[in-house]
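Each chain, written out:
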Amino acid sequence: EAIRAFFDGGTSVPWRSWIIPLINWLLFSLALYFFFWCVAVIFRKQWVENEKLTFPLVILPLEMLREPEEGHIFNSFIRHPLTLTGMALTILSQISYGIHHIKPSIPPFVILHNNLMRYFPYPPWNAMQWLEISLYPSFLGIAYIVSAEIAFSCWFFYFLGKAELVLGSVFGFSAGRESGFLARFPGLEEQTLGAFLALFALMLWSGRHHIKSVFLKAIGKNKEIDDSFEPLSYRSAVIGLFVSLLILLIWLNRAGLSLVSSLFFIFVFLVFSLVLSRMRAEGGLTWIHIPDHPSNIAVSALGVKGIGERNLTILSALKFLEVDGRGYLMPSLVEGIKFVDPKAKRGWIFSLAIWLAIIACVLVAVPTTIHLYYLYGAGSAKADRWR
């Protein structure tokens, strides 16, 4: 009855039915968040101080946080006419989409949004599947702070992928996305997965000395490395890493997932989280598509028969974590601790602030979302398709 009302709507939330499931899922979520927080703390010094990554997306909030000049409430950056114009255009565009969603008769403020695939309806060009030119003010602002090398790589490899799809159609290699693995030439998802794994290996190799120092510090055998200004001491971060991992494995096992599938899922999730964080820290790309869902990769690697129906069911229930690259928490955590000032030696304040924010958001978002679905119905047209 509680699930039926969730989809049909028009009723109040039966909280008694939700208490135990919510406690279970919140335990899982907080353990996962803390796992990635510990990983972010371990990599902070390597990326911020040793490799000196630029963190382009952090430039803007740092500029906004500059002390205002004498006699002014806001600093010169915020008061600049171009800053105010850019903010106004972006806010107007985003709000207009929200109004259009509620009142379709009111058109949204769109500068450019053109799907070019209508000009390529026939083979081999229709193998490109999706090609559009769009201009979003918010993305334009983010692209401004991306380096020329990163910007070049983005569009060059985008069109290279399209060319591979067309080439596959010309030679009859591809039978479409819905076909089996061997017919999905050129396997763009698999190519991207290979790139993610290579970047992950390179990150571990380039940071091997730092990672070794962190673990030696955690067991008291390296007193040279200073962690007094870190958001967590290295000992706390390493212990927290293994404790949260143990909680996740126990939780997944209790849910019905085998140990091998659990370890594989967490490993792929960690690979994606670290690589996405690195891309954000080095390139400033705010929204990056992942190659495939970790649960799908687990099925591809282990096989449907090898993984079994029970594991398949649990992996499907975990897809909400991984369906969208914007939902990955670790890139934001890494950017957050970029603000840690080694001279101030008050990194614990950032830990406190970030965890208060996480807990506050969860306590607001979860009951609000459930309330809205019981009010309007998760299966109704009013519910967002990404629920």
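Here's what I pulled together on the structure shown here. Every residue gets a number counted from 1 within its own chain, in the order that chain's sequence is written. Only residues with pLDDT of at least 70 get local features here, since the model is predicted, and only at 80 or more are side-chain atom pairs given and counted; chain-wide, interface and lining totals rely on the full set of residues. Values shown for side chains rest on all heavy atoms present in the structure; no hydrogens or waters enter the calculation.

### What about unusual backbone geometry?
Then, number 1: Here the amide bond leading from Pro 123 into Pro 124 is cis, since omega sits at -5 degrees, within 30 degrees of zero.
Then, number 2: Segments assigned H or I by DSSP are reported as helices when at least four residues long, segments assigned E as strands when at least two residues long, and all are numbered from the N terminus. With respect to the helices and strands, Pro 124 occurs in the loop between β1 (112-115) and β2 (132-135).
Then, number 3: One non-glycine residue, Phe 55, adopts positive backbone phi at about 50 degrees.
Then, number 4: By the secondary structure assignment, Phe 55 is in the loop between α2 (15-50) and α3 (56-64).
Then, number 5: Overall, the relative accessible area of 1% leaves Phe 55 in the buried class. Here's how the labels work: a residue is buried when its accessible area is under 20% of the maximum for its type, exposed when over 50%, partly exposed in between, all with a 1.4 Å probe on protein chains only.

### Some words on the pattern of salt bridges
Then, number 1: Salt bridges are defined as contacts in which a side-chain nitrogen from Lys or Arg sits within 4 Å of a carboxyl oxygen from Asp or Glu. Taken as a whole and judged by the stated rule, the model has nine salt bridges.
Then, number 2: Measuring nitrogen to oxygen at the nearest pair gives 3.2 Å for the salt bridge that ties Lys 45 to Glu 49. Placement of both Lys 45 and Glu 49 in helix α2 is noted, with a separation of four residues, approximately one turn of the helix.
Then, number 3: Classification of Lys 45 by relative accessible area gives buried; the value is 17%.
Then, number 4: For Glu 49, a relative accessible area of 24% gives the class partly exposed.

### Some remarks on the side chain of Arg 278
Then, number 1: Inspection of the secondary structure puts Arg 278 in helix α11 (residues 259-283).
Then, number 2: Polar contacts here mean pairs of N or O atoms no more than 3.5 Å apart (in protein, one a potential hydrogen donor and the other a potential acceptor; neighbouring residues in sequence count only if both atoms are side-chain atoms). Polar contacts involving the side chain of Arg 278 include one to the side chain of Glu 51, which spans 2.8 Å.
Then, number 3: Once you skip the residues sitting within four places of it in the chain, Arg 278 turns out to touch Trp 47, Glu 51, Leu 53, Met 203 and Gly 283. Pairs of residues are marked as contacts when any of their non-hydrogen atoms sit within 4.5 Å.

### Brief notes about the environment of Ala 218
Then, number 1: Here Ala 218 shows up in helix α9 (residues 208-218).
Then, number 2: With relative accessibility at 10%, the residue Ala 218 sits in the buried group.
Then, number 3: In contact with Ala 218, not counting residues within four places along its chain, are Tyr 234, Arg 235 and Val 238.

Keep in mind that these numbers describe shape and distance, not what the molecule does.
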